[in-house]
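Read off the chains here:
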Number of protein chains: 2
Amino acid sequence: MNSSLAQRIRIVLVEPSHPGNIGAAARAMKTMGLSKLVLVRPKRFPDPQAEWRAAGARDVLERVSTTSNLREAISDATFVVGTTARARRMAWRQLSPRLAAPEILVKAEHGEVAVIFGREADGLSNDELDLCHLHVCIPASSAYGSLNLAMAVQVVCYELRCAYLEGQGEAMHPLAWDRPRATSEQVEHLFAHLESLANSLEFLPGEHHTVVMRRIRRMIGRIEPDVTEVSMLRGILSAIEKQIHRA
Amino acid sequence: MNSSLAQRIRIVLVEPSHPGNIGAAARAMKTMGLSKLVLVRPKRFPDPQAEWRAAGARDVLERVSTTSNLREAISDATFVVGTTARARRMAWRQLSPRLAAPEILVKAEHGEVAVIFGREADGLSNDELDLCHLHVCIPASSAYGSLNLAMAVQVVCYELRCAYLEGQGEAMHPLAWDRPRATSEQVEHLFAHLESLANSLEFLPGEHHTVVMRRIRRMIGRIEPDVTEVSMLRGILSAIEKQIHRA
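Because the structure is a prediction, the values reported are computed rather than measured. Along each chain, residue indices are assigned from 1 in the same order as the chain's sequence is written. Labels follow written order: the first chain is A, the first ligand is 1, and so on. Residues qualify for local features only when their pLDDT is at least 70, as the model is predicted, and side-chain atom pairs are given and counted only at 80 or more; totals for whole chains, interfaces and linings, by contrast, use all residues. Based on all heavy atoms of the structure, the side-chain values leave hydrogens and waters out of the count.

Residues and elements named next belong to chain A. In short, DSSP must find at least two bridges between two strands for them to pair. Here a strand is any run of E in DSSP of at least two residues, a helix any run of H or I of at least four, and the numbering for each starts at the N terminus. Judged by pairing direction, the sheet is parallel, and its seven strands sit side by side in the order β3-β2-β1-β6-β4-β7-β5 without closing on themselves. Only two strands of the sheet have a single neighbouring strand rather than two, namely β3 (65-67) and β5 (94-95). As paired strands, strand β1 (residues 9-14) and strand β6 (residues 113-117) are joined by five bridges and run parallel to one another. Bridge assignment links Arg 10 to a residue of β6, and that residue is Ala 114.

Moving on: the sheet that holds strand β1 (residues 9-14) of chain B. With parallel pairing, seven strands are arranged side by side in an open sheet as β3-β2-β1-β6-β4-β7-β5 (chain B). Edge positions in the open sheet fall to β3 (65-67) and β5 (94-95) of chain B, since each of these has one partner strand only.

With an omega dihedral of 0°, the bond running from Phe45(A) to Pro46(A) counts as a cis peptide bond. Turning to its location among the elements, Pro46(A) is positioned in the loop between β2 (36-40) and α3 (48-54). The phi dihedral of Arg41(A) falls on the positive side, at around 45°, and the residue is not glycine. By the element assignment, Arg41(A) lies in the loop between β2 and α3. Burial status follows relative accessibility: with a 1.4 Å probe on protein chains alone, a residue under 20% of its type maximum counts as buried, one over 50% as exposed, and anything between as partly exposed. Residue Arg41(A) is classed as partly exposed on the basis of its relative accessible area of 38%. One non-glycine residue with positive phi stands out, namely Glu15(B), at about 45°. Positionally, Glu15(B) belongs in the loop between β1 and α2 (19-31). Overall, Glu15(B) belongs to the partly exposed group, its relative accessible area being 26%.

Shown next as structure tokens:
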């Protein structure tokens, strides 16, 4: 994420009780390109557990700001998102992290955005959720939907990063092959070579030969070989031929 | 996720060193509807730290299976996915978790699927990645891309659940095959056969041999051969051997 955009998205943890979760949240953020962390009345912070779990994200911890209430943590934000596990008595605008992420990025183009996570034990209160423009709910299992706090931070930050990369037309398709694919003609030469070896092996008589060659063709179609692979396979065929003809 | 589908997707942790990560991974899985966890040579397990971090997912820990090597953990799998943080020297089929998830679900409709996560410190080795049909890479920040192990499990399981909920599985990859896919073990027997033929051909000395065998492994991974294809290929290898030894 470009750093000015990332700087306008803060993650707010309300009354986290385990310092390990603070460190793990910092690490989760940094792996996804975010770094602005605000803590509201943390139970224990700073703490060696937080340091340890932050691993390579201690710089995020060093720049943490701490506030004594949520309103202060979000006072300059123009868009506030609250995460919630449950459906509430009064319906609010609510989206999955996937659908919320592009909207959060757009809001961050225009102002400060806060994404708030509640207490380990019981999340955000209704009053706190009422401060939000949007609620985000991770689609967890109905049998056991209780994500660890830092895990929830990881999922939301991951979605923010994916939305950012998609917006850049980037990297959601990380497949880059190192060699050019073989052309049809190169592959046909490989088949011809295979066929001539099969003939000299004389173990595939008649119709069986046709079936086997079709199966081989089907397999090579699935490989979509590159040019190096085609020439390697032909090299192997030649080596086998040499060995047989030496006989 | 429906439970029979979930039962065919196992999460494999290779040599996890922190029991806390095992517990956190179990919790991450359960929140996303998965429950089959396999540990390869865990450093400390069982352990109170694992119990504590598992929270409401202790039942997942109770049903963990532990193996002494990765091959054993995946022997009956027909589709094997390895997670990786880095680009490798030799390109392999690689997707983001988002693009991989629907494919993993489709494979799980037809057989056992293993999703493998490497060591906290240095991930999966090249040899371990070579056992995989597909590599999955979480699009993390280039400045700091090191996700905690359990966080990576959370992100991948989250994408599996999203794909399941979106119901994209069937529609995106209408996979209909007439024969069952070969298991990892059957394919390993094919490699052993190939290797012994290559040795008797004596045309691949030293390091070249290793490179060629890896390329062949990569190609066969892309084929995802069915049982008939594996026995056909082995029949061809035997025919070549007979011809050479007749010499």
